[in-house]
Protein chains: 2
Amino acid sequence: MINKLVENIKKKEAPIVVGLDPMLSYVPKFILDKAIQEQGETLEAAGSAIWEYNKGIVDAVCDIIPAVKPQIAMYEQFGIPGLQAFQKTVEYCKEKGLVVIGDVKRGDIGSTSTAYAHGHLGGVQIGSRKCYGFNEDFITVNPYLGTDGIKPFVDVCKEEKKGIFILVKTSNPSSGEFQDREIDGRPLYEIVGEKVAQWGEDCMGDSYSYVGAVVGGTYPEMGRVLRKIMPKAYILVPGYGAQGGTAEELRPYFNEDGLGAIVNSSRGIICAYQQEKYAGFGEAGYAEASRQAVLDMKEDINRIF
Amino acid sequence: MINKLVENIKKKEAPIVVGLDPMLSYVPKFILDKAIQEQGETLEAAGSAIWEYNKGIVDAVCDIIPAVKPQIAMYEQFGIPGLQAFQKTVEYCKEKGLVVIGDVKRGDIGSTSTAYAHGHLGGVQIGSRKCYGFNEDFITVNPYLGTDGIKPFVDVCKEEKKGIFILVKTSNPSSGEFQDREIDGRPLYEIVGEKVAQWGEDCMGDSYSYVGAVVGGTYPEMGRVLRKIMPKAYILVPGYGAQGGTAEELRPYFNEDGLGAIVNSSRGIICAYQQEKYAGFGEAGYAEASRQAVLDMKEDINRIF
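What you see is a predicted model, and the numbers here were worked out from it, not measured in a lab.

(A) The interface of chain B and chain A, seen in detail. Contact residues are listed per partner, giving 71 residues for chain B and 71 residues for chain A. Per-residue buried area on chain B facing chain A is highest for E41, Y144 and F178 of chain B; these three make up 16% of the total on that side. At the boundary of chain B with chain A, the tally comes to six salt bridges. K105 of chain B serves as the salt-bridge partner of D108 of chain A, at 2.9 Å between the closest nitrogen and oxygen. Here chain B and chain A share 31 residue pairs in polar contact (both at pLDDT 80 or more) between them. Looking at which element gives the most residues to the side of chain B that touches chain A, the answer is helix α6 (residues 110-120) of chain B, with seven residues. Along the lines of polarity and charge, the residues of the side of chain B that touches chain A split into 31 nonpolar, 27 polar and 13 charged.

Shown next, in the form of C-alpha cells:
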C-alpha cells in the first residue's frame, strides 16, 4: 500500500491528503436540513448528512488528490450512525482509487492492538470465512505502550500489505509537554522516531517502509531532525493551513527525491466555502470550493521543490 | 459518577471490575453456532454471539460487582456489528446499575478529543436535540498529546459528571520502553502522574477526583510511588490474573481508607469455564463459572485489607 501511496502522489503531482473530518457546523445547511427532515433530529440524520457532505467533496476532488484521511472521532461522536458514515466513506474513497488513511490513533497492549489491527487493516476469522471490519489502507497509531503495542499492527501490515503512521511529534500546542522532554539529552520524540525506523526496517515497500510517522507541520526544526532519523518512513504531516503551518516550513519533511512526506489539510479544504477567499462558491458550491482549495494548496506546496 | 463508583464498590465490598473483552475463541460453541446458523459466517453473527455471551455473564455477576470495563477493540474488530454489540452491552450494564468504564484509550489534538469526549461521555447537539452516542460512565484516555488533548475530556466530565482514567503506567511487558525513561532523574510515568493529579484537582467528587489513572498491577513498586503522587485519583489496575499480577502486589495501589483502586480481570473471569479450576461448570455453565471466578477474586483481593 505504501507503493500505491507513492505512485498516487507521483501521478497526481500532489503530496497532499485531504482530511475528511466533518463537523456538523461544516455541513451546508441544505444538506443537514434535508437529513433532519427525513430522519428527525437524530444521530441517523447526522450520519446521513456527513456522508452526503463527504461524497460531494470526494466526487469533486478525487481526480486531483492521492489520498484522504478521515478522522474517526468526527464520526464516532455520532455513535453507530456516525461510524456507518465512516465506513461508507472509506469504501467509497477506495472505489475512487484513493488511498485511505484512517486517522484512528489506536494503540493498546498486545492482544488489544491485535484486535484493532484486525478491525482496521486486516480481517477476522468467523467460522470458515475471513470478514473485514473497517478495512482502511493505513491507520495512525499511538506509541505510548511501546513495542508490544505496536508489533501487532506491523504484523498485520506485512500480511495485508498495509501501513501505519505512528505518532512521533504531534501538531498541537501542548505536544511538547511529554514529547519534548529530554531523556539522556535527547527529546522523547527522537527516541520514538528511532523506534519507528527500527519497527519499519523489515517491512519495506520499494522505496519506503510500511511504517510511517506523524510529525506536526507546526514544528519544522523537529521535522528536519526526524527526517534524518527515519529516512525510510513516510511522514504524515498535519498542521498545514488552519493549524498554522506554512508551505515554506514543510520542505524539511521531504527527502531529496521530493518524496517522503504527505501533507494533510482538513478544515482548509472541506470547509473552504466558509472562508472569505472562497465565499463566491456559496453553500451550494461547497464541493467546488474544496476543489479550488486543493488546487491552491497543491500550487502552494509544489513551489517549495 | 466517581461517587457512584465508590458507593458501588463499598456496597458490593468488591474493588473489582470485570473486563468484558470477548474474543470469539472465548464464546461457548453453542452460542456461536446458533448465531452462525441464523446469520451465516458474518460480522453480524459475531456481533450477536458476543452480545449473547456478554449478557449471560452480566446476568450472572451483576449483583456482586460494582463495574464492568468493555474493551472496545474486541468489538471494533467486528466492524459496525461489533460496535452495536458494544453499545448494547454498555446500555444493558447501565440498566443493571453497573458503572461502565469504556476502555477506549482515545486521545488526540484538542478539537478531536472534544469529538471523542462527546461520543463517549457527553452528547452531540443535532438541531434542537442533544443526542448520545456510546454514553459510557468513564473512559480510558491516552496522554501522549499533553494537556490540550486531555482538557476536552475533563471539560465534558465536569458537565456530565462523568470520569476518565488516564494511562500512566500500563501493564504490558514493553510499557517501560518510553514510560520508564528518565527525565530530570524521574521516569516519564511519574511526570504523567503529576499531570493527572493536576488535571483532576478542579473536578473532585466527594473524596476522589473525576480524573483517575491506569497503573498496571504488574508493577507494584511503581504503583506505590504513583499512589502518593496522585492521592485523589482512583487507580484502575489491569494486569491481575491472566497477565500475572497477584493480590499481594495490589496493596500499594489502595489508600489507607481501603479505597482508591479498582482491579480489573478480563480473561480470568469471562473465560473462567476454559480453566481447569472451573471446568466442572462446562460450556453451558460458562456464566456460573464466571460468577464463581468473581467470588474467588473478591476473596483473594479482600484478604489484603
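The structure having been displayed, the exposition proceeds.
(B) Molecular detail of the relation of the copies chain B and chain A. Superposition of chain B onto chain A requires a rotation of 180° combined with a translation of 0.0 Å along the rotation axis, giving an RMSD of 0.0 Å. Here the two chains are linked by the operation of a two-fold rotation axis. The position closest to the rotation axis in chain B is occupied by the C-alpha of I183 of chain B, lying 2.6 Å away. Residue by residue, 100% of the interface of chain B is reproduced at the interface of chain A, so both copies engage with the same surface.

(C) Broad picture of the nonpolar core. Counting 240 residues, the largest nonpolar core has I164 of chain A together with I164 of chain B as its most contacted members. Excluding its chain neighbours within four sequence positions, the residues that come into contact with I164 of chain A are L121, F138, I139, V141, I150, F153, V154, C157, Y210, V211 and G212 of chain A.

(D) Seen up close, the pattern of salt bridges. Per the counting criterion, the structure on display carries 42 salt bridges over all chains. R224 of chain B is paired through a salt bridge with E221 of chain B; the nearest N and O atoms lie 3.3 Å apart. With R224 of chain B and E221 of chain B both in helix α10 (residues 220-229) and three residues apart, the pair spans about one turn of that helix. Put simply, R303 of chain B and E248 of chain B hold a salt bridge, and the shortest N to O gap is 2.7 Å. Here R303 of chain B is found in the segment after α12 (286-302), whereas its partner E248 of chain B is found in the loop between β11 (235-237) and β12 (261-265), with 55 residues between them in sequence. On the basis of relative accessibility, which here comes to 49%, the residue E248 of chain B falls in the partly exposed class. Through salt bridges with shared partners, a single ionic network connects K69, D103 and K105 of chain A together with D108 of chain B.

(E) Structural view of the confidence of the model for chain A. For chain A, the mean per-residue pLDDT works out to 96, and 99% of the residues sit at or above 70. Scoring of the predicted complex yields 0.97 for pTM and 0.97 for ipTM.

Criteria and thresholds
- Residues numbered from 1 in each chain as written.
- Chains lettered and ligands numbered in written order.
- Predicted model: local features only at pLDDT ≥ 70, side-chain atom pairs only at ≥ 80, totals over all residues.
- Heavy atoms only, no water.
- Contact = heavy atoms within 4.5 Å.
- Buried area = accessible area lost by both parts, 1.4 Å probe.
- Salt bridge = Lys/Arg side-chain N within 4 Å of Asp/Glu carboxyl O.
- Polar contact = N/O pair within 3.5 Å; in protein donor to acceptor, adjacent residues only side chain to side chain.
- Helix = DSSP H or I, 4+ residues; strand = E, 2+ residues; numbered from the N terminus.
- Nonpolar A, V, L, I, M, F, W, Y, C, P; charged D, E, K, R; others polar.
- Least-squares fit on C-alpha atoms with pLDDT ≥ 70 in both.
- Core = buried A, V, L, I, M, F, W, Y, C linked by side-chain atoms within 4.5 Å.
- Buried < 20%, exposed > 50% of the residue type's maximum accessible area, 1.4 Å probe, protein only.
- pLDDT = per-residue confidence, 0-100.

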